[in-house]
Amino acid sequence: MTEVLFLADFSVIKPDPGLIFWTALIFLLVWLILGRMAFRPIQNALKQREQDIQNALDEARKARQEMANLKAENEELLKQAQEERAKILKEAKEAKDTIISEAKEKAKEEAHKIVENAKAEIENQRMAAVVDLKNQIGLLSIEVAEKVLRRQLEDKAGQEQFVKSLVDEIKLS
Amino acid sequence: MGAIGAGIAALGAGVGIGLIGSRAMDAIARQPEAVGDIRNNMILTAALVEGAALFAIVVGLLQG
Amino acid sequence: MKVEFKKLSILVFALAFSWGMLLAQGHGQAQEEHGVETEQQGEHGGEAGHGGHEDGKYDPVGTVMGHIADANEFHVWKGVHLPLPVILYAPEHGWTTGLSSMFQHGHVAVDGYVLNHGRVNRVADPAFPKGEAHIDGVVAHKVEEADGKEKDVYYAVHEGQEYLLDPPSTVDGGFLGGRITSFYDFSITKNVFTMLLAGLLLILLFSAVARGYRKNIHKAPSGIQSFMEVFFVFIRDEVTKPMIGEKHYERFQPFIMTLFFFILFCNLMGLIPFFPGSANVTGNLAVTMTLAVITFLVVNFNGKRDYWEHVFWMPGIPAWVKIILTPVEILSLFIKPFSLMIRLFANISAGHIIILSLIGLVFLFGNNGQSVGGAAGGAVIGGLFTAFMNLIELLVAFLQAFIFAILTASYIGAAVEEHHHDEAHGEAH
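Residues numbered from 1 in each chain as written. Chains lettered and ligands numbered in written order. Predicted model: local features only at pLDDT ≥ 70, side-chain atom pairs only at ≥ 80, totals over all residues. Heavy atoms only, no water.

Q: An account of the overall build of chain C is needed here, citing residue identities and associated values.
A: Broken down by element type, chain C carries nine helices and twelve strands. For chain C, the share of sequence-separated contacts (at least 6 apart) that also reach a separation of at least 24 residues comes to 63%. When the accessible surface of chain C is summed, it comes to about 19,500 Å², and 67% of that surface belongs to carbon and sulfur atoms. (Helix = DSSP H or I, 4+ residues; strand = E, 2+ residues; numbered from the N terminus. Contact = heavy atoms within 4.5 Å. Areas by Shrake-Rupley, 256 points an atom, 1.4 Å probe, with all protein chains shown as cover.)

As structure tokens, this is what we get:
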């Protein structure tokens, strides 16, 4: 429909030195300005932020770790305290037991001693009583014998000697 | 003549890019999690094929 | 219901965009037609109009090519043009500077410079008057070249005399139809203006973001900062870190980010159909070539020993294979940035051409104003397709910026990698 040669008018494929010059200039300027002013700072800021986030995460993890550690420590402490308590209780019980048993022993001993003493006293008393009784009996027997003998015998001295010997014999037995 | 050659070049490139696209779709369907990698490689390969076709078209047009 | 509303608003948005595109082109068309009239008046009933406007007929190819081309003035609205600074250099004459408004849309020549279809051309003929001179118009003649190709050659008409117009020099070495002519154009063109705007926007945006980082130190991000952080982190985690590696990625993050956002903003501004946008910046080979060359320099200046060893004397293979492989590797050094250049250029240019062609349907179906019904049908069909294409182009704008960034990152990654020689050989070249 037209005799115009396609390529002759297709001016966009003919590189114009002016356009090349301006493209290069503008592109390099934009590169320089944006690089200096925007892209480097943005890159650094993004990196900074990523680092911040990483740090925050790390810190959170560390805090959690510490918390866990603390908890474990607390538990350890608690366990120790419990053990201590148990030990103390046990010791206390043992002490109580020894004290009681000692006291019992002592009481027993005391009682024993008292009993012993009482027994000795009783024995003494009894001895005294026996001696007294013997004396009384002697006297009584003498009286009895005197009375008997007064009636029967006049020989008082001989009789008395005889009775005394008898009484001694009794004491010896 | 040049226009016919350019047309044939475009035909070849069209088939090639179609194959790339179809295989990429298959791959994405099979592995949807790798869609980013597949897309990048698809574009790269298609661009290479297209480069060859454009080369042919330019030569075809220049020969008039 | 909510999703429905979202879909609907996207559709309305896209339609509004295509309508804006339509208006923009319509005005351009009307204006050019106006230009044709004045030309024909001034031509003493000469044989032909210029470009594709013979007999006032609509030429879709010419219109599309005109719209994707760079220009020395910025069309704003209904014949209102934003004058842009022109900086011109001719080796035999020196520098000429000024505003593009001094050419009065092609009616005045200054120092032999004439505005032809929005682009500055120069009359190299020394007979042409210096300083300001009124010209009656610009005419085109078809010339058959030695190899049988036809070419439009433009002439400025001054006092009944036709003077040959030189287009600006281009540095393609004649491969792409350009050549070094009698002058160089270092003007702030439409593309340069858009790039400046994109750069300024980027600087404003990211200074706000960086301010946020200074303000919210040790705090959660807020506002625009948290919005842009997503992109930053995405580029870092999906592009630079896996491609360049943990050890070196920080050095190249600003470069990759600048590349991505510069290309993205230029792409997106190209999609806006009215004033501050509409320039086909990344769809111009000069722009993508510059970006690719910068990438090439960055990659190769950072090449480690291992990288050069892999290029010149690939380890771990027999010697005779090395002899074959070395030229291939050296070639691939240049093919890599070349493919970056071509890919971005072709994708964006093709998008612009398709959208403009779809809009052109309105004028084709309308039979250049003869058939209102046809124009309406064209508007409906073209509008719907344009809405669809605009959405695709939006995707492409992001995708191409991303691909440029990720491929650059992978090339840098290959250059700075220090490997132990058993892995990393499966890499395709």
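The rest of the description comes next.
Q: An account of a negative patch on the surface is needed here, citing residue identities and associated values.
A: The grouping of A:Glu73, A:Glu75, A:Glu76, A:Glu83, A:Glu84, A:Glu91, A:Glu94 and A:Asp97 at the surface amounts to a negative patch. Mapped onto the elements of the fold, A:Glu75 is located in helix H2 (residues 17-152). (Patch = residues over 30% accessible without salt bridge, like charges linked within 9 Å, V, L, I, M, F, W, Y side chains within 5 Å. Salt bridge = Lys/Arg side-chain N within 4 Å of Asp/Glu carboxyl O. Lys, Arg positive; Asp, Glu negative; His and termini not counted. Charge placed at Lys NZ, Arg CZ, Asp CG, Glu CD.)

Q: For the interface of chain A and chain C, give the residues involved together with the corresponding values.
A: On the side of chain C, 73 residues touch chain A, which itself brings 44 residues to the contact. One can count four salt bridges joining chain A with chain C. Remark: the boundary between chain A and chain C carries eight residue pairs in polar contact (both at pLDDT 80 or more). Those elements that provide at least two residues to the side of chain A that touches chain C are helix H1 (6-9) and H2 of chain A. In terms of residue count, the dominant contributor to the side of chain A that touches chain C is H2(A) (29 residues). When the residues that make up the side of chain A that touches chain C are grouped by side-chain class, the tally is 28 nonpolar, seven polar and nine charged. (Polar contact = N/O pair within 3.5 Å; in protein donor to acceptor, adjacent residues only side chain to side chain. Nonpolar A, V, L, I, M, F, W, Y, C, P; charged D, E, K, R; others polar.)

Q: Residues and numbers for the packing of helix H6 (residues 285-301) of chain C against helix H9 (residues 372-416) of chain C, please.
A: Residues and elements named next belong to chain C. Their axes nearest at 9 Å, the elements H6 and H9 cross at an angle of 25°. Classified by the interaxial angle, the pair formed by H6 and H9 is roughly parallel. Crossing of H6 over H9 shows right-handed handedness. When H6 is examined against H9, the residues Leu291, Ala292, Thr295, Val298 and Val299 are found in contact with a partner set consisting of Phe404, Thr408, Tyr411, Ile412 and Ala415. Classifying every residue of the contact of H6 with H9 by side-chain character gives eight nonpolar, two polar and no charged. (Axes fitted to C-alpha atoms, helices over the stretch in contact; angles between N-to-C directions. Parallel < 35°, antiparallel > 145°, perpendicular 65-115°, else oblique. Left-handed = near helix turned anticlockwise from the far one by under 90°.)

Q: Outline a nonpolar patch on the surface, listing residues and values.
A: Residue and element names in this part refer to chain C. A contiguous nonpolar surface patch, about 730 Å² in accessible area, is contributed by Leu364, Phe365, Val380, Ile381, Leu384, Phe385, Phe388 and Ile392. Breaking the nonpolar patch down by element, the ones donating at least two residues are helix H8 (319-365) and H9. Here the element with the most residues in the nonpolar patch is H9; it accounts for six residues. Positionally, Leu364 belongs in helix H8.

Spatial relationships are all this shows, so hold off on functional conclusions.
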